[in-house]
Structure formats: structure tokens, C-alpha cells
Amino acid sequence: MLLRHTTEKEIDRKALTINPAKTCQPVGAMYAALGVHGCLPHSHGSQGCCSYHRSALTRHYKEPVMAATSSFTEGSSVFGGQANLLQAIGTIFSVYDPDIIAVHSTCLSETIGDDLKQIVAKANADGKVPDGKHVIEASTPSYVGSHVTGYHNMLQSIVQHFAIKTDEAKRQVNLLAGWVEPSDMRELKRISKMMGIKTVLVPDTSDVLDAPMTGKFEMYPKGGTTIPELVSMGDSMKTVAIGEWATKGAAIALDNNCKVPFDMLDLPIGVKATDRFIMSLSKAGAVAVPEEIDRERGRLVDMITDMHQYFYGKRVALFGDPDQLLPLCEFLLDLDMVPAYVVSGTPGKTFGKRMKEIFGDKIDQVKFKNGANADMFQLHQWIKQEGVDLLIGNTYGKYIALDEKIPFLRMGFPIVDRVGHSYFPTLGYMGGIRILEKILDLLMQYQDENSPEEKVELVM
Amino acid sequence: MSKYIKDRTPQIVTIGEDQHDLACEKKSAAGSVSQRACVFCGSRVVLYPIADALHLVHGPIGCAAYTWDIRGAMSSGPQLHRLSFSTDLREKDVVFGGEKKLYSALTELIESYKPEAVFIYSTCIVGVIGDDVEAVARRLSNETGVDVLPVMSEGFKGTKKDGYKAACDALMKLVGTDDNYLPPKYSINILGDFNLAGELWILAEYYKRIGVEIIACLTGDGRVEQVRKCHKASLNVVQCSGSMMHVAKEMEKKYDIPFKKVSYFGIEDMSDALYEVAQHFNDPELMANARTLVSEEIAKLIPALQPYRQKLEGKKAAIYVGGAFKAISLVKALRLLGMQTVVVGSQTGNKDDYNLLQKICDKGTVIVDDSNPNELSDFVKQTGADLFIGGVKERPIAYKLGLGFCDHNHERKEALAGFVGMLNFAKEVYASVCSPVWKFIQK
């Protein structure tokens, strides 16, 4: 009983997070930056931050994660980190030779008042940035938002720095991806290709954080959105942005700076959200939906038909990022399941509004919370009050699942006790099929293991 | 592009080729992809295994989230340490200060958990906004009667090593607070074992067999009550000297308890660790027991190691770990498997450790301080290593290079201490170095 200390009665907490359902901004900035080809993330703060973020990403993706640090000392904290960052930029270009350095701040550098924009401008003016190379920066204080906010801010920075509108309009669609797995990035490209639409996907961590084995250590693996692609985004016909928490700023920046209009969508998880995504792509690219995609959708719906009696009324507790949770709740409702408890540490007022939209007249069935004190301790207390049949969330859900003996589907970040999650998509119709398969496996295994002998069924 | 950071040349030595002494204990260059962590990290990993204490991270959520149960330190009883408590500082707190929040969080926590003691970890930002954590801790101690111990571990104040020191300072405030305890005849403390994969339990059994009792382990499977009375022990046995030397020296000064630096890794070092303790008590029976234990264990171990040794003979290993002292034991243990160490480095090694490494390694071995992925990958290629021993960030790099890997850090799954640990080590190294997977890779 790892969480034997969790009380059933809700304690009034004003100033405390227990077992967080989020982490801090810089790790998100680092992940987004890794989805740009030839980009070295740089953490402007103490060494620990960089080390923790690299470790966290390494544990989840099982791939080398490279990033440099300003290595703050007591001196830098008193006199400011400008000297460290200027020195770092010089060192990085001469030793690690990236095309882009993506600098993000930390709570420390933010609080002492380092102005990244000004320091980067100075680096450029001082000739520390070689021709054709770039330094971009994003402000990512750890005490604002969550890891998703950091991803959002870095993505916005990337787009703002590179996208340029020229006279030459391009028959292409920008695809802004929220925080999803490399496999999902690959799935987004597969779907676009099937639809016959040229897209620029950013960020794109496929082939970076699921790189094949080559026998070589590569500082900059093959994947990632390239600079010419990023530049060309200003000339695209439209932007399709998926995952509001992660992509909104970048979508607005493209609209404001380059007059590229956008559709703001959910991540395509489940039938309806994928329908909306496909329709948006089809409109943006002015192409019809190919039969192949219809057939994929048909297979997903067929699978739900085959198995719907097993989903009915099953209560689910979920935690993670809003961008995943919202469409996932919608999908679960379509499966006739009951998303009973939903928690996200990531703040944002629209979460409640969207939950109400998704749940409609079923809103009374759900207890949900996001932002301050929305943590796994809260979720566990709710589960203790009335149990659930399934728990969905990152690896840390294991404590609750084991203590309460609940089938547990690992989804989200981080997953550090299983492998495979970064190889199979959960987006699109095919991703829907995978989610279904996983849920069914768990429910049926639970039934098998908990049935009295005379009730064990061979055919289920 | 120059391959290495210019100023780092003094921190790299190839035995037999370079004449200069290895430079160490330097700050990392800004812009390096250093494998090092921060002061807070050092404190957290040292104190985390005290299982009946409440560990509250005072800072933004990240510091708590990234150190949530990653140590792998096992507890035979309470599990309070595995929960993640944070004041989760927000913008408002950064502007107006976080003291109130800290006070109110701890009042709630102490009330509901009634912990034996509380550690409050100061993070970077707390140092900058100037919260008086010590004052809050004092106030809470007075009001609640629970020991509330500030850990001054602001991330930027140095390296991981300075974090060890901050942790030791906090520990020393607990040491000696129970003076009524009557110790057994032959008693020791183990300093610097964190009970990864249950290693402490192996050692405890060995010491019991020779007739010595462990009063406290700092901090593996740790309990506050043990720390309070550990000043009654006759001897401190220091395993992870990098982290715990400070406590050993303080206890020697304050309580006149001598200490011995030992290692529990490999046959030689494990045996010495037992003999030295027996010798300290100067009781022939203890020594006889130690000799019997060692010969019994070795008699079992040597034949069991043989099949692995046969397969591993002549293979080469690269080591990059946190502290350099454990690298010394690793070199010896690898030798026992017929393997040669060709690269060895650490994040925070000191002069003594590196000097000893230079003495015991063969000609051509690269010794390196505060290295980074580029260098490591080059050294490994140059020297033709077959195995990499390191931590979480080195594992995928080793794999990408097509090398076997063994974790000698937080994510260790196998107990490597003691005689049985040596066998586990051999199995793990064999499983990785001789895995069929490498034949699919063209290096």
C-alpha cells in the first residue's frame, strides 16, 4: 500500500500539491525544440534543471536527449546570467555545431530578471551567431502554467522566428502538433499523405526521439522540421492546430504575422475528434476525404460495435494534460463509458467550459478539476469515495492502480515503466483502435483474473 | 567544429600519454552538455530514503516532480518518502514570497501525517526570493514539537556535492537527539548506502553473521529514530564517501567516533569491509567469523562466476558515474571478470580518487572529469569499449553506439553490493555485452 496515507475524506488544502499531475515549463520547451531538425535546446539556469529535463525525457522516450545549460552559479544569480548565456552560445556553436540553439528560461533566470530577447540580440550583434545559424528564445518560468505551457511557448517562438510571408503562396497546410508521441507525429504525416495534402508539421519529433539503431551516436538525428520548412509556413494556405493548450500561441502568431488563418482543434483522439480533424484538413487542403480513410474509420467503428457491450457503464478516472483529456473524455462517452473523475494539474479556464460542452447533460456524472491543487492525491481521494473500473494516466498512476486494484492504461507523459508507447500512435482512427484494444485487454484480463472458476468464459 | 570544449583539456588524461595531473572540482563551462546535476539534486538523493520523514520541496512544481520516487531506495516499513509534496510556488508567491504558503502547507501536513521529522528542501528560486526557510522551520518545530529541518539546497549554489553537504548538515541536526539509547556491544553505522535494490539488507546480514549490529544506515531504509541514536555506535563505516564524509568527520569531532572508508562492491573490497570492521573491535571471534563468512561466500561465488568470466574475458569497459570512488571498485570488479577498463570518469570526482584511478588503470586508459556525450562517445569509439557503465542519461547513448550497458546509479535494478551482488553484476554485464541484439548492428 504505497499510498496508504491517502485519506478518503477530502482535506481542505490551501497551499500544497501532493503527487502532482503536471510538471514545469522548461521540459516542454525542451521537447518542442527537439522536434526541429539540427536544434540544440539550451536551458538558461542551474545545471540541475537541464539534467532533470534530459533525464525525464530520456526515461520516457528511451533515446539520447541532448541539451546544453548555462551552468548558473551563485555569481550568475547575483550579477545576472548574461555573461553565461553569451559564453554558452559561443561554446555551443564551436563545439556542438547545431543549426539552431533554442534557449528557454527557468524559474531562476526569470526571477533574477534576465531578458533573453536582449541577450540573444546582443549575441547576434556581437557576432557570436555564425551566418545561417539561429538562436531563438522562449520565456518559460516554472512557476507559471505547466510543462504544456512551456511546449506552447517554445512552439510559438519557433514559428515566430522562422515563418515569413513572401509573395509566393504555397499549396500547403501548416500542422501544429500538441504534445504527443513521436509515433503520433508520424501518424499525422501518414494521414496527410493519404489525403494528398502537403503539410508542414511542427514540431516533429519522429526520427528524433524514436530514431532507428545505426550503431552511431548522432547529436542531431535525421528527424525534425527543417529550417526551409519552417520559413515556408508563412506562405501556407491554412494552419490546422491540434491541442489548444499546446499550439494556440503559434497558430495566432502565424495568423498575426503572416495572415495564415487557422482552425483550432482538439487532438484527434477517438472518432469525433478525428472526424473534425479530417474534415478540417480536407477543407484546408481543398481535397476530398479518400476512401482509404473512410475505411479506417469504418474499422474503428466496427470494433466499437463488436465490443460495445463491454464498455457500457464502466467508470473511468483520468489524469494528464487537457489536450489529451478533453478528446479522450469525448471518446469514452462515445464508448458509453463514464469518465467519472478527471484531473489535470495544468491550469486554464477553458478546461471547465470544454468539459461542460463535451459532457452536456451528462455533466453531473463527472467530478473534474484542473490547475491549483488538482493533483493525484485529489484524484485518489475521489476514487476512494466511489471506485472506478479503469484508470488512465502516466506511470505515476501505478501507485493508485496497485493500491486500489484498478486496471490501469498508461497514457500521457511520463511513462517510465513500460516501453512501446512511443512507437504506436493514439491519434487518428488507427490510434483509436489501439486505445480500444488496450482498454479491452485490461477490462477482460481483469474479468478473467477476478471471475470465480465456474464463471470463467473462454469466448468473450 | 572543434571536438572538445577548449578549456577542458586539463580535465582529460590518457594514462601513459599525458603528463599533467587531472584537473577536477571545477565549474562546468557554460554551454556544455554536462551530465551533472545541481545542489538540490544532491540533497534530495541523500535524504530521500529516510522513509518515515516527510520530504517537502519548497519551490515550483518541477523540482518535486523530477525527484518523485526516482531513487529506487527501498523501505522495509513506511512509504511516506514515496509521496511527492511540494509548495508548488506560483507567480504570486514569487512576487510576495512563499513563507506563508510554506508555513500553511507544513501545518496541514504535520497535522495529517504526524511524521517523525520533516525535511524542507530549498530550491533555486527560494534562495533568490529570500524566503527565510530556517525561521519557518524553527517556528513549526516549536509549535508542533516535530523536528522540522531546513535543507539549504538552492540549486545554483554549487554542484551536487554541495547538496550532499547540505543534506549532511540537516542530518547532523538529528544525530544525537536520543541520548538514552544503550547500544549493543559491537555496533556500527553504515554511511552512504541508499538501499538500492535492497543492498543494505545484504550487508546487514553479513554484519550480523560476524557479530556486529548496525544502529543506523544513513540513509538507506532510513528511520528518524535511528538517526537520533546513531551517535552511540562505535564505528562509522563510510561507503559513499562523496556524500557522507562530512557526517563521518563531524561525528568523529563531536562524538569521537572513528570512521573507515569502505566499498561493498567486488570480492576484494567487500571482504576488506568486513575485515576492517572486525579488526576495529579487536575481538578474535569477530575476525574468525569474518574469515569464515568470506571463505564460504567466495567458495560459492567463484565457480558461479566462472561461466560469465569465460565469455567476458578480454572485453573492454567504459565507466562514467557520479562519484569517482565507486569507479575504483568497479575497475577492480571488472578485472575479476577478466575485463579491462579503458575509459573512466565521473561528474564530481576529487583529486585523491582520480590519482588512485590513474594508479590502478592500465596504460591507454582515458580518465576524464565532468565529461559530456560527445567526448564519451569519442572515447568509447577510440578505445573500442564493449560495455558502458553509467546512469540514466548515458544508457541510450551507449545503446546507440551498440554497446552493452550496466546502470550503476539510480535506476539500478540489481543489487550489486556484497558477494551476491558481484554475481548479479557479472550476470548483468554478461547479459548486456553478449546480447544477441548487437549482431544486428553495423558499427
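Residues numbered from 1 in each chain as written. Chains lettered and ligands numbered in written order. Predicted model: local features only at pLDDT ≥ 70, side-chain atom pairs only at ≥ 80, totals over all residues. Heavy atoms only, no water.

Condition: UniProt positions are given in the numbering used here, feature names are shortened, and annotations may be inferred rather than shown by experiment.
As recorded in an unreviewed UniProt entry, chain B goes by the name Nitrogenase iron-molybdenum cofactor biosynthesis protein NifE, listed as coming from Saccharicrinis fermentans DSM 9555 = JCM 21142. Under the UniProt heading Pathway (unreviewed entry), the entry covering chain B gives this text: "Cofactor biosynthesis; Fe-Mo cofactor biosynthesis." Its UniProt record gives chain B the following Function (unreviewed entry) comment, quoted word for word: "This protein may play a role in the biosynthesis of the prosthetic group of nitrogenase (FeMo cofactor)."

The name given to chain A in an unreviewed UniProt entry is Nitrogenase molybdenum-iron protein beta chain, with Saccharicrinis fermentans DSM 9555 = JCM 21142 as the source organism. Comment text from UniProt for chain A, heading Subunit (unreviewed entry), reads "Tetramer of two alpha and two beta chains. Forms complex with the iron protein (nitrogenase component 2)." The Sequence similarities (unreviewed entry) field of the UniProt record for chain A holds the comment "Belongs to the NifD/NifK/NifE/NifN family."

### Remarks on the overall build of chain B
The test is simple: The helix count covers DSSP runs of H or I at least four residues long, the strand count covers runs of E at least two residues long, and both are numbered beginning at the N terminus. The buried label applies to any residue whose accessible area, calculated with a 1.4 Å probe on protein chains only, is under 20% of its type's maximum; exposed applies above 50%, and partly exposed to all values in between. It only takes one pair of heavy atoms within 4.5 Å for two residues to be counted as in contact. Residue exposure ignores everything except the shown protein chains as possible cover, and the areas themselves are Shrake-Rupley values with a 1.4 Å probe. Positive charge is attributed to Lys and Arg, negative charge to Asp and Glu, and no charge count is given to His or to the chain ends. All charge positions are set by atom: Lys at NZ, Arg at CZ, Asp at CG, Glu at CD.
The number of helices and strands found in chain B is 17 helices and 14 strands. Split into buried and exposed, the 443 residues of chain B put 63% on the buried side. In chain B, of all internal contacts separated by at least 6 residues, the share reaching a separation of at least 24 is 73%. Surface summary for chain B: the accessible area is close to 16,100 Å², and the carbon and sulfur share equals 50%. Of the charged side chains in chain B, 54 are positive and 55 negative; the average position of the first set lies 4 Å away from that of the second.

### Description of the domain arrangement of chain B
How big an interface is tends to be reported as the loss of accessible area on association of its parts. Residue and element names in this part refer to chain B. Note the threshold: Where each domain starts and ends follows an automatic or database-derived domain assignment. Put simply, buried area is the surface a 1.4 Å probe can reach on two separate parts but cannot reach once they are joined, added for both. Each reported salt bridge corresponds to a side-chain nitrogen of Lys or Arg within 4 Å of a carboxyl oxygen of Asp or Glu. Within 3.5 Å is the distance limit for a polar contact, defined as a pair of N or O atoms, with the added protein rule that one can donate a hydrogen and the other accept it, and that residues adjacent in sequence qualify only through two side-chain atoms. For this classification, Asp, Glu, Lys and Arg are treated as charged, while Ala, Val, Leu, Ile, Met, Phe, Trp, Tyr, Cys and Pro are nonpolar and the rest, including Gly, are polar.
One can read the domain layout of chain B as domain 1 (39–174), domain 2 (187–292) and domain 3 (313–412). Computed from C-alpha atoms alone, the centre-to-centre distance between domain 2 and domain 3 is 27 Å. When domain 2 packs against domain 3, close to 920 Å² is buried across both sides, 59% of that on carbon and sulfur atoms. Its largest share of buried area at the contact with domain 3, domain 2 owes to Leu196, Phe265 and Asp269, together 46% of the area lost on that side. Summed over the shared surface of domain 2 and domain 3, the number is two salt bridges. Note that Asp269 and Lys332 form a salt bridge whose closest N and O atoms lie 2.8 Å from each other. At the surface where domain 2 touches domain 3, the tally comes to four residue pairs in polar contact (both at pLDDT 80 or more). The greatest single-element share of the side of domain 2 that touches domain 3, amounting to three residues, is contributed by helix α11 (residues 267–281). For the side of domain 2 that touches domain 3, the residue count by class is five nonpolar, four polar and four charged.

### Describing the domain arrangement of chain A
Residues and elements named next belong to chain A. Here chain A is described as being made up of domain 1 (25–162), domain 2 (173–290) and domain 3 (292–454). Computed from C-alpha atoms alone, the centre-to-centre distance between domain 1 and domain 2 is 23 Å. Residue-level contacts link 33 residues of domain 1 with 39 residues of domain 2. Across the interface of domain 1 and domain 2, roughly 2,900 Å² is buried in total on both sides, 72% from carbon and sulfur atoms. By the criterion of area lost to domain 2, the three top residues of domain 1 are Tyr31, His37 and Tyr151, representing 21% of everything that side buries. Viewed at the interface, domain 2 and domain 1 are joined by zero salt bridges. Run the count over domain 1 and domain 2 and you get 14 residue pairs in polar contact (both at pLDDT 80 or more). The element contributing the most residues to the side of domain 1 that touches domain 2 is helix α7 (residues 147–162), with 10 residues. By residue class, the composition of the side of domain 1 that touches domain 2 is 20 nonpolar, 10 polar and three charged.

### Quick word on the sheet that holds strand β2 (residues 39–44) of chain A
Residues and elements named next belong to chain A. What counts here: Two strands pair if DSSP finds at least two bridges between them.
As summarised here, the arrangement of the four strands in space is β3-β2-β4-β5, forming an open sheet in which the pairing is parallel. Taken across any chain shown, the strands that pair with only one partner, and hence form the sheet edges, are β3 (68–69) and β5 (134–138). Where β2 lies against β3, two bridges are found, and the strand directions are parallel. Residue pairing across strands places His42 opposite Ala68, the latter belonging to β3.

### Thoughts on the pattern of salt bridges
All names here are of chain A. In total, this model carries 51 salt bridges over all chains according to the counting rule given. As a salt-bridge pair, Asp263 and Lys238 come within 3.3 Å of each other at their nearest N and O atoms. Within this pair, whereas Asp263 is found in strand β9 (residues 262–265), its partner Lys238 is found in strand β8 (residues 238–242), the two being separated by 25 residues in sequence. Under the relative-accessibility criterion, Lys238 is labelled buried at 15%. The partner of Glu404 in a salt bridge is Lys384, with the nearest N and O atoms 3.2 Å apart. Pair noted here: Glu404 is in helix α16 (residues 397–404) and Lys384 is in helix α15 (residues 376–385), with a separation of 20 residues, a long-range link.

### Considerations on the packing of aromatic side chains
Applicable threshold: Centre distance within 6.5 Å is the pairing criterion for rings of Phe, Tyr and Trp, where only the six-membered ring of Trp is used; planes under 30 degrees apart are then read as stacked, over 60 as edge-to-face, and the remainder as tilted. The criterion for a charge sitting over a ring is simple: Lys NZ or Arg CZ within 6 Å of the ring centre, and within 35 degrees of the ring normal.
Applying the stated criterion across every chain, the model contains 24 aromatic pairs over all chains. Note on Trp245 of chain A and Phe351 of chain A: the rings are 6.2 Å apart at their centroids and 80 degrees apart in plane angle, and the pair reads as edge-to-face. Of this pair, Trp245 of chain A sits in helix α10 (residues 244–258) while Phe351 of chain A sits in helix α14 (residues 350–359), and the two are 106 residues apart along the sequence. Here Trp245 of chain A and Phe351 of chain A have matching classes, each one buried. Taken together, Tyr31, Tyr61, Tyr151, Trp179 and Phe413 of chain A form an aromatic cluster joined through their ring pairs. Lying across the ring of Tyr121 of chain B, Arg44 of chain B places its NZ or CZ 5.2 Å from the centre. Directly above the ring of Tyr103 of chain B sits Arg139 of chain B, whose terminal nitrogen or CZ lies 3.8 Å from the centroid.

### Describing the UniProt feature "domain: Nitrogenase/oxidoreductase component" (unreviewed entry) in chain B
UniProt records the feature "domain: Nitrogenase/oxidoreductase component" (unreviewed entry) for residues 38–432 of chain B in the present numbering. Between the end C-alpha atoms of residues 38–432 of chain B the distance is 30 Å, and the span holds 51% helix and 16% strand.

### Some words on the interface of chain B and chain A
In this assembly, 74 residues from chain B lie in contact with 73 residues from chain A. Run the count over chain B and chain A and you get two salt bridges. Of the charged contacts in the structure, one is a salt bridge between Glu63 of chain A and Lys400 of chain B, with a shortest N-O distance of 2.8 Å. Where chain B packs against chain A, one counts 24 residue pairs in polar contact (both at pLDDT 80 or more). When contributions to the side of chain B that touches chain A are tallied by element, the ones reaching two or more residues are α1 (39–47), α2 (61–66), β3 (85–86), α3 (91–96), α4 (99–113), α5 (124–129), α15 (373–383) and α16 (395–400) of chain B. By residue number, the principal contributor to the side of chain B that touches chain A is α4 of chain B, which donates seven residues. Looking at the side of chain B that touches chain A, its residues break down into 39 nonpolar, 21 polar and 14 charged. By the bridge criterion, two bridges tie strand β1 (residues 17–18) of chain A to β3 of chain B in an arrangement that is antiparallel. Along β3 of chain B, the bridge assignment pairs Ile18 of chain A with Phe85 of chain B.

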